[in-house]
Amino acid sequence: MPTDPVLVVHGGAWAIPDDMVDGHLHGVRNAIAAGWRVLESGGAALDAVEESVVIMEDDEIFDAGRGSFLNRDGKVQLDALIMDGATLRAGGVGCVERLRNPVRAARKILSESSHVYFVGAGAEQFAVEHGSELCRNEDLVIAREVERLREYQQKAAESPAKDGNDLFAPTISHDTVGAVALDRTGNIAAATSTGGTLSKAPGRLGDSSLIGCGCYADNLSAAVSTTGWGEPIMKLVLAKWTADRVAAGNLPEWAAQEAMNYLQQRLHGHGGIIVLNAQGQFGISHNTPRMAWAFKTIKKEEAGVERSAP
Ligand code: ASP
C-alpha cells in the first residue's frame, strides 16, 4: 500500500539572530519545495533528501557549500553524508575543498562505489570521475565569512579561551543543513552537509558526515540528521543512538527530545536533530535557543525557528 510522503529539513541550531530569521526560513522552505517535488511525483526519499540539501548548499546563508565557515587557514572544507534506509547504502565525503555540492558526490559514492567514504583529494577525484566539476576553493569563500574569521581570530588572540569551548557557544553559528524523507514506497533516507565549525583546524572532520553521528537512516528504525557542536555528537554516536530508541518502540518526537537531553546531560553538548520513521511520524528538537526547520506532509506545511516538536 502506498505511503503518504513526509519531508523534514533543518538549517542549523544556534542563537539565530532576529535579522537572520527570515533568511533561514526562506532557505528551509526552498529546500522543502525542492524535495517535495521529488516525493509528490513518486520519486525516492533518497533523491528528495539530496535535492533538499543541494538547495541549502547553494544558499549562502547556511554553513554548507559556498558561504560555509572558514577553517583556521581561511579555506572552506566540506563534509557530507547521505544514507538510504531501505538498503543501508551510504556515501560520505570529508574535507573536500573544491566541490560546490558535496552531497552530490556523496550520492555518487552511495550509488556507484563499493566504498562508503572518501576524503580530501581522493573524494574530489572520485567526484570528477563520476561527472562532477571541480571549482576553486576561493569560489566557495564569501566576504562575510572572511570577516567572521578575522573577527574571531582577533578575539581569540586577545582573550584565549582556557579550553577552546567558546568556539562552540550556541551564539556561534551552527548552520549545517540536513533532510530526512519518507517516500510513497515506504522508504526513508537522510542527508547532512556542512562546512563544519568556525576556525576549525585543517583536516578536522565533524559529526555531520559520519554514519550514525550526524546522519543515519534505516527503514527499521529512523532517518536522522543532526547539527550542533560536532565533537560531543560524535562521541555519543547520536544519530544512531536516537534511531535505536525509535527501533525500541519510542516515538521519533520523544527520541529527538531525549537525544537533546542526553547530549546536554552527558557532555554539555548543544545542537538540534530531526527524526523520521517509516510510518511518517517525526520529531524536531534542539537545545539551542533556535533551530531553522521545516516540514511538509500531505496535510500540512510549516517552518519555524523555535519549535521543538511536530
Ligand atoms: N556539526 C557540525 C560540525 O561540528 C557543525 C554544525 O552543525 O553546524 O562540523
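Scoring rules and cut-offs
- Residues numbered from 1 in each chain as written.
- Predicted model: local features only at pLDDT ≥ 70, side-chain atom pairs only at ≥ 80, totals over all residues.
- Heavy atoms only, no water.
- Helix = DSSP H or I, 4+ residues; strand = E, 2+ residues; numbered from the N terminus.
- Rg over C-alpha atoms; globule rule 2.2 N^0.38 Å.
- Buried < 20%, exposed > 50% of the residue type's maximum accessible area, 1.4 Å probe, protein only.
- Contact = heavy atoms within 4.5 Å.
- Areas by Shrake-Rupley, 256 points an atom, 1.4 Å probe, with all protein chains shown as cover.
- Near = heavy atom within 4 Å.
- Polar contact = N/O pair within 3.5 Å; in protein donor to acceptor, adjacent residues only side chain to side chain.
- Salt bridge = Lys/Arg side-chain N within 4 Å of Asp/Glu carboxyl O.
- Pairing = 2+ DSSP bridges.
- Phe/Tyr/Trp six-rings, centres within 6.5 Å; stacked < 30°, edge-to-face > 60°.
- Lys NZ or Arg CZ within 6 Å of the ring centre and 35° of its normal.

Caption draft 1: Inspection of the overall build of the chain at higher detail. When helices and strands are counted, the chain shows eight helices and 12 strands. Relative to the globule expectation of 19 Å for 310 residues, the C-alpha radius of gyration of the chain, 17 Å, shows essentially globular dimensions. When the backbone C-alpha atoms are referred to their principal axes, the chain occupies close to 60 × 45 × 35 Å. Buried residues in the chain amount to 59% of all 310 residues. A fraction of 69% describes how many contacts in the chain between residues 6 or more apart in sequence connect residues 24 or more apart. Carbon and sulfur atoms provide 50% of the accessible area of the chain, an area that totals close to 12,100 Å².

Caption draft 2: Spotlight on the site of the ligand. Around the ligand sit 13 residues in total, of which Thr-176, Arg-204, Asp-207, Thr-227 and Gly-228 are the nearest. Separating an oxygen atom of the ligand from a side-chain N or O atom of Thr-227 is a distance of 2.7 Å. Separating a nitrogen atom of the ligand from a backbone N or O atom of Gly-228 is a distance of 2.7 Å. Alone, the ligand offers 270 Å² of accessible surface; in the complex the protein occludes 100% of this.

Caption draft 3: Structural view of the pattern of salt bridges. For the structure shown, the criterion picks out 20 salt bridges. With a shortest N-O distance of 2.6 Å, Arg-107 and Asp-47 are connected by a salt bridge. A residue pair is termed long-range when its members are at least 10 positions apart, and Arg-107 in helix α3 (residues 102-112) and Asp-47 in helix α2 (residues 45-58) qualify at 60 residues. Here Lys-75 makes a salt bridge to Glu-97, at a shortest N to O gap of 3.0 Å.

Caption draft 4: View of unusual backbone geometry. Even without a glycine there, the phi angle at Leu-88 is positive, about 65°. With respect to the helices and strands, the residue Leu-88 is situated in the loop between β2 (78-84) and β3 (90-96). Here His-268, not a glycine, exhibits a phi torsion of approximately 55°, which is positive. Summarising the element assignment, His-268 is placed in the loop between α8 (252-267) and β9 (271-276). On the basis of relative accessibility, which here comes to 59%, the residue His-268 falls in the exposed class.

Caption draft 5: Broad picture of the pairing of strand β11 (residues 290-296). Taking burial as the measure, the seven residues of β11 include seven buried ones, the bulk of the element. Across the two faces of β11 the burial is the same, with Arg-290, Ala-292, Ala-294 and Lys-296 and Met-291, Trp-293 and Phe-295 all buried. Where strand β1 (residues 6-14) meets β11, six bridges bridge the pair, whose relative direction is antiparallel. Looking at the pairing, Leu-7 lines up with Lys-296 of β11. Sheet topology note: the β11/strand β12 (residues 301-304) ladder contains four bridges and is antiparallel. When the sheet's bridge partners are listed, Lys-296 is paired in β12 with Glu-301.

Caption draft 6: Summary view of the environment of Ala-223. As for its position among the elements, Ala-223 is in strand β8 (residues 223-228). The exposure class of Ala-223 is buried, given its relative accessible area of 0%. Not counting residues up to four positions away in its chain, the partners in contact with Ala-223 are Val-180, Ile-188, Ala-189, Ala-190, Tyr-216, Ala-217, Ile-274, Val-275 and Leu-276.

Caption draft 7: Geometry of the packing of aromatic side chains. Tallied over the entire structure, the rule returns four aromatic pairs. Ring centres of Phe-118 and Phe-126 lie 4.8 Å apart, and the angle between their planes is 35°; on these two criteria the pair is classed as tilted. Each member of the pair, Phe-118 as well as Phe-126, carries the same accessibility label: buried. The rings of Phe-282, Trp-293 and Phe-295 are connected pair by pair, giving a single aromatic cluster. Seen from the ring of Trp-241, Arg-245 lies directly overhead, with NZ or CZ sitting 3.9 Å from the centre.

Just distances and angles here, no functional claims.
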